[in-house]
Structures are given as C-alpha cells and as structure tokens.
Amino acid sequence: MNIFAAKLNYDTTDETLQAAFEEFGEVDSAKVIMDKFTGRSKGFGFVEMSNDAEARNAINALNDSELDGRTIVVKVAEPKGDRPQRRERY
DNA sequence: AATGAGCGT
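Residues numbered from 1 in each chain as written. Chains lettered and ligands numbered in written order. Predicted model: local features only at pLDDT ≥ 70, side-chain atom pairs only at ≥ 80, totals over all residues. Heavy atoms only, no water.

Describing the packing of aromatic side chains
One pass over the structure, following the stated rule, counts three aromatic pairs. On the numbers, 5.5 Å between centres and 50 degrees between planes, the contact of F4 with F46 is tilted. Residue F4 is found in strand 1 (residues 2–6), and its partner F46 is found in strand 3 (residues 41–49); the two are separated by 42 residues along the sequence. Here the aromatic rings of F44 and F46 are separated by 6.3 Å at their centres, their planes lie at 85 degrees, and the arrangement is edge-to-face. Linked through ring pairs, F4, F44 and F46 together constitute an aromatic cluster. (Phe/Tyr/Trp six-rings, centres within 6.5 Å; stacked < 30°, edge-to-face > 60°. Helix = DSSP H or I, 4+ residues; strand = E, 2+ residues; numbered from the N terminus.)

Description of helix 1 (residues 14–22)
Of the positions making up helix 1, those classed as buried are T16, L17, A20 and F21. For helix 1, the angular spread of the buried residues around the axis is 120 degrees, confining them to a single face. Turning to helix 1, the residues buried within the fold contact strand 1, strand 2 (27–34), strand 3, helix 2 (52–62), strand 4 (66–67) and strand 6 (73–76). (Buried < 20%, exposed > 50% of the residue type's maximum accessible area, 1.4 Å probe, protein only. Arc of directions from axis to C-beta. Contact = heavy atoms within 4.5 Å.)

A few points about the environment of F44
By the element assignment, F44 lies in strand 3. Under the relative-accessibility criterion, F44 is labelled partly exposed at 24%. Once the C-alpha coordinates of F44 and A5 are considered, the two residues, 39 residues apart in sequence, prove to be 5.5 Å apart. The contact partners of F44, leaving out residues within four places of it in the chain, are F4, A5, A6, L8, V32 and I33.

Bear in mind that shape data such as this cannot, by itself, settle questions of function.
Here's what the structure looks like:
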C-alpha cells in the first residue's frame, strides 16, 4: 500500500515518517522527497506498508494529525505516472 | 536555491 503524506515540516525526514507510521502498523519503507539542489525536504513523502489494513488505519489516524508541529495530510498515493494535469508548477 | 499546495532521486 503506497501512502502519500503532505504538508510535512521541512525538518521532517524519512525516519520521522517511519516512526509515525510504525505506531499503527508494519512499515515497509518511508521516504521524504528531498530537493536535488537544496537537499531539503519538499514537504511531502511516501510510505509503503505491506499490510493494507494497517495502512488504512494509519491513514485514518495520521491524516490531519500533527507531525513535527505541523498538521499533515495523509492519503492513499497515486501511481507515479498518473498525473497528466501536472504543469510546470510555477 | 525559496516555498506551503501537492504525488517521488
């Protein structure tokens, strides 16, 4: 189950996400997207959970919750190449 | 190399 987490604190890293989701289930892997130039967080990340039930549970619990002082948004992730409306962003 | 909705080096 791929999970999408956004509005993260810029200080939030993979381990922070990992720890947050591990409270509710078995985390396969957690990754915060980092900017290639600045090396800092882009403000969102992805979490892979092998157990779908735990994944949904984690989403319910962590969505609109607080992480590193920021209210984050947790949803089910979309397939990678399924964002045609994605523009040049700015 | 900043920023604060959005879906990945």
